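What follows is the residue order along each chain.
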Amino acid sequence: MKMKSWFSVVCLSLGLLGASASAQADDDITLGRTIVFENTDYGAPIPLLVCRRVEAIQVKADRDMYLRKVVATFKNGDTKTFRFYRNIKEDDNTDWRELPYKRCVKKLEVFGESKNSSAGVRVYGRT
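The structure displayed is predicted, hence computed values, not measured ones.

(A) Expanded view of the state of the cysteines. Summed over all chains, the structure comprises 1 disulfide. Each sulfur of the disulfide joining cysteine 51 and cysteine 104 lies 1.5 Å from the other. In this pair, cysteine 51 sits in strand S2 (residues 44-61) while cysteine 104 sits in strand S6 (residues 97-114), placing the two residues 53 residues apart along the sequence. Cysteine 104 gets classed as buried once you look at its relative accessible area, which sits at 16%.

Written as structure tokens, this is what we have:
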């Protein structure tokens, strides 16, 4: 009897583990945060401690800003430039920019200008 109950507990645990993994499949994660200043020509880097596998990115601004581009550096050293060239209002998001397939992002660099003295920027990833 103990073997049957132990086996049922193991099967139930594995079933719940599989259900939670499938429920998290389309989650959005925060890749990083940075601050963009007024009148700058250089990018604001977001180094990631752990390589994050994503299939799309989105940018959210905490204040009004002009977003030029986001450069993503992948684990193998390749880079992809997402060009936006648009004004983003306070607490507004850009549209999702897709990658051809899931890639492991190691570093992000945000290029833009703040309308005020500085603007916080968050970059999200879709897994």
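Moving on from the coordinates now.
(B) Inspection of the confidence of the model for the protein at higher detail. In the predicted model, the protein carries a mean pLDDT of 82, and the fraction of residues at 70 or more is 80%. The model gives residues 16-24 a pLDDT under 50, and that stretch makes 1 contact with residues more than four places away or in other chains.

(C) The nonpolar core, seen in detail. In this structure, Met65, Leu67, Val70, Leu108, Val110 and Val123 are the most contacted members of the largest nonpolar core, which totals 25 residues. With 7 residues, S2 is the largest single contributor of residues to this core. If we ignore the near neighbours within four places in the chain, the residues touching valine 70 are Ile57, Val59, Lys80, Thr81, Phe82, Phe84, Leu108, Glu109 and Val110.

(D) Just the pairing of strand S7 (residues 118-126), in detail. Here S7 lies mainly inside the structure; 7 of its 9 residues are buried. Pairing of strand S1 (residues 28-37) with S7, which is carried by 9 bridges, proceeds in the antiparallel orientation. Note that in S7 the partner of threonine 30 across the bridge is tyrosine 124. Inspection of the sheet shows S2 paired to S7 by 6 bridges, in the antiparallel sense. Within the sheet, the bridge partner assigned to isoleucine 57 lies in S7 and is glycine 125.

(E) Broad picture of the pattern of salt bridges. Overall, the coordinates contain 4 salt bridges when judged by the stated rule. Residue aspartate 78 is joined to arginine 103 by a salt bridge in which the shortest nitrogen-to-oxygen separation is 3.6 Å. Highlighted residues: aspartate 78 in the loop between strand S3 (65-74) and strand S4 (79-88) and arginine 103 in strand S6, separated in sequence by 25 residues. Given a relative accessible area of 41%, aspartate 78 falls into the partly exposed group.

(F) Up close: a nonpolar patch on the surface. Taken together, Ile35, Phe37 and Tyr42 make up a surface patch of nonpolar side chains, about 330 Å² in accessible area. With respect to the helices and strands, the residue isoleucine 35 is situated in strand S1.

(G) View of the environment of leucine 49. Here leucine 49 lies in strand S2. On the basis of relative accessibility, which here comes to 84%, the residue leucine 49 falls in the exposed class. Sequence separation between leucine 49 and lysine 106 is 57 residues, and the spatial gap between their C-alpha atoms is 7.6 Å.

Rules behind the numbers
- Residues numbered from 1 in each chain as written.
- Predicted model: local features only at pLDDT ≥ 70, side-chain atom pairs only at ≥ 80, totals over all residues.
- Heavy atoms only, no water.
- Disulfide = S-S within 2.5 Å.
- Helix = DSSP H or I, 4+ residues; strand = E, 2+ residues; numbered from the N terminus.
- Buried < 20%, exposed > 50% of the residue type's maximum accessible area, 1.4 Å probe, protein only.
- pLDDT = per-residue confidence, 0-100.
- Contact = heavy atoms within 4.5 Å.
- Core = buried A, V, L, I, M, F, W, Y, C linked by side-chain atoms within 4.5 Å.
- Pairing = 2+ DSSP bridges.
- Salt bridge = Lys/Arg side-chain N within 4 Å of Asp/Glu carboxyl O.
- Patch = residues over 30% accessible without salt bridge, like charges linked within 9 Å, V, L, I, M, F, W, Y side chains within 5 Å.
- Areas by Shrake-Rupley, 256 points an atom, 1.4 Å probe, with all protein chains shown as cover.

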